[in-house]
Amino acid sequence: MSQIEIVEIIGQIKQEIEVDANGQAKASLRATARLAGVSDKAIGKALESANLEPSKLAQMLMQQSFDAANLTDWRTSGIPDTAIAIILEYYAYEAGRYCTKQARLVCRSFNTIGIRAWIQDKLGWNKPTNPSETAMTQIQLLAAIAQQMAQQEQYLLEQQQQQTQILARLKAVEVEQDRVNTPCGHKYSVVGFANLQGLEISVKEAGSKGRKASALCRKQGIEIERIHDPRFGKVGLYPESVLIEVFSTGQN
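Presented here is an overview of the structure given in this document. (Residues numbered from 1 in each chain as written. Predicted model: local features only at pLDDT ≥ 70, side-chain atom pairs only at ≥ 80, totals over all residues. Heavy atoms only, no water.)

## A few points about the overall build of the protein chain
The helix and strand inventory of the protein chain stands at twelve helices and six strands. Burial status across the protein chain gives 35% buried among its 252 residues. Within the protein chain, contacts between residues separated by at least 24 positions form 60% of all contacts whose residues are at least 6 apart in sequence. Carbon and sulfur atoms make up 51% of the accessible area of the protein chain, which totals about 15,800 Å². (Helix = DSSP H or I, 4+ residues; strand = E, 2+ residues; numbered from the N terminus. Buried < 20%, exposed > 50% of the residue type's maximum accessible area, 1.4 Å probe, protein only. Contact = heavy atoms within 4.5 Å. Areas by Shrake-Rupley, 256 points an atom, 1.4 Å probe, with all protein chains shown as cover.)

## Some words on the packing of aromatic side chains
All told, the structure shown has four aromatic pairs when counted by the stated rule. On the numbers, 5.0 Å between centres and 80° between planes, the contact of Phe66 with Trp74 is edge-to-face. Judged by its relative accessible area of 15%, Phe66 falls in the buried class. (Phe/Tyr/Trp six-rings, centres within 6.5 Å; stacked < 30°, edge-to-face > 60°.)

## Structural notes on the pattern of salt bridges
By the definition in use, this model includes four salt bridges. We note a salt bridge from Lys56 to Glu94, for which the minimum N-O separation is 3.4 Å. Placement of Lys56 in helix H4 (residues 56–62) and of Glu94 in helix H6 (residues 81–94) is noted, with a sequence separation of 38 residues between them. Since its relative accessible area comes to 33%, Glu94 is described here as partly exposed. (Salt bridge = Lys/Arg side-chain N within 4 Å of Asp/Glu carboxyl O.)

## Regarding a nonpolar patch on the surface
A contiguous nonpolar patch, built from Ile166, Leu167 and Leu170 and spanning about 280 Å² of accessible area, is present on the exposed surface. Among the secondary structure elements, Leu167 is positioned in helix H9 (residues 138–179). The exposure class assigned to Leu167 is exposed, which follows from its relative accessible area of 51%. (Patch = residues over 30% accessible without salt bridge, like charges linked within 9 Å, V, L, I, M, F, W, Y side chains within 5 Å.)

## Thoughts on the pairing of strand S5 (residues 225–229)
In terms of strand pairing, S5 meets strand S6 (residues 233–239) through five bridges, oriented antiparallel. Looking at S6, one finds that Arg226 is bridged to Gly236. Between the end of S5 and the start of S6, which pair antiparallel, lie three residues. (Pairing = 2+ DSSP bridges.)

## Quick look at the sheet that holds S6
In space, the three strands of this open sheet follow the order S4-S6-S5, with antiparallel pairing throughout. Every interior strand has two partners, whereas the edge strands, strand S4 (187–188) and S5, have only one. Here helix H12 (residues 240–249) sits on the sheet and contacts S4 and S6; the angle it forms with S6, its principal contact strand, is near 95°. (Axes fitted to C-alpha atoms, helices over the stretch in contact; angles between N-to-C directions.)

In structure tokens, the structure reads:
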């Protein structure tokens, strides 16, 4: 669940929220469930339990002055904004194994201004203003923060894609290294093997040792692989064991 997906959910439930003339808001059971990242049935069951054996969520709501009759009516009349805040907090931190990452993300998103201010903004409700109030409302500030978080998330996504591409290239290099790794050892060019051993070798010496290595490979039935070299054109790759024998003989 991401900030981008939260924005999409908000758009989907916009028609299921309302605000009265006093600015008090409420949302349908379905809309509340979508915000919390749980099923309508889960919240409905918790609300119905208030008349029998109250669930933990029902107890939290009743501790905030909501009675059992209120909770039952919410299934059809809608859930008040103050109750929605409690429900989101429950599924974010108090529901044990039923806690959802989405509820935590929504809680963090709305904690700055509160769920009521968000609903008021989505429904276009505005309280009377006076010149002393700042131009940027709290909901505009939240929108700016949400936009910034979405941009940061997109940046992280691009960084992850780049990292994936880098890892893919490294894997290709590893595959190539494994390809030239044979039972008789890694394969090297004559110059590459000399550099690996810290030895200086002339072009003439490299050619001589290359011919010696080629002869040993043919004698042992080893296929000689050819690769492009920007300095010498095509050069052979020889097993490490063959090159060790060529260089140990001291013959050019």
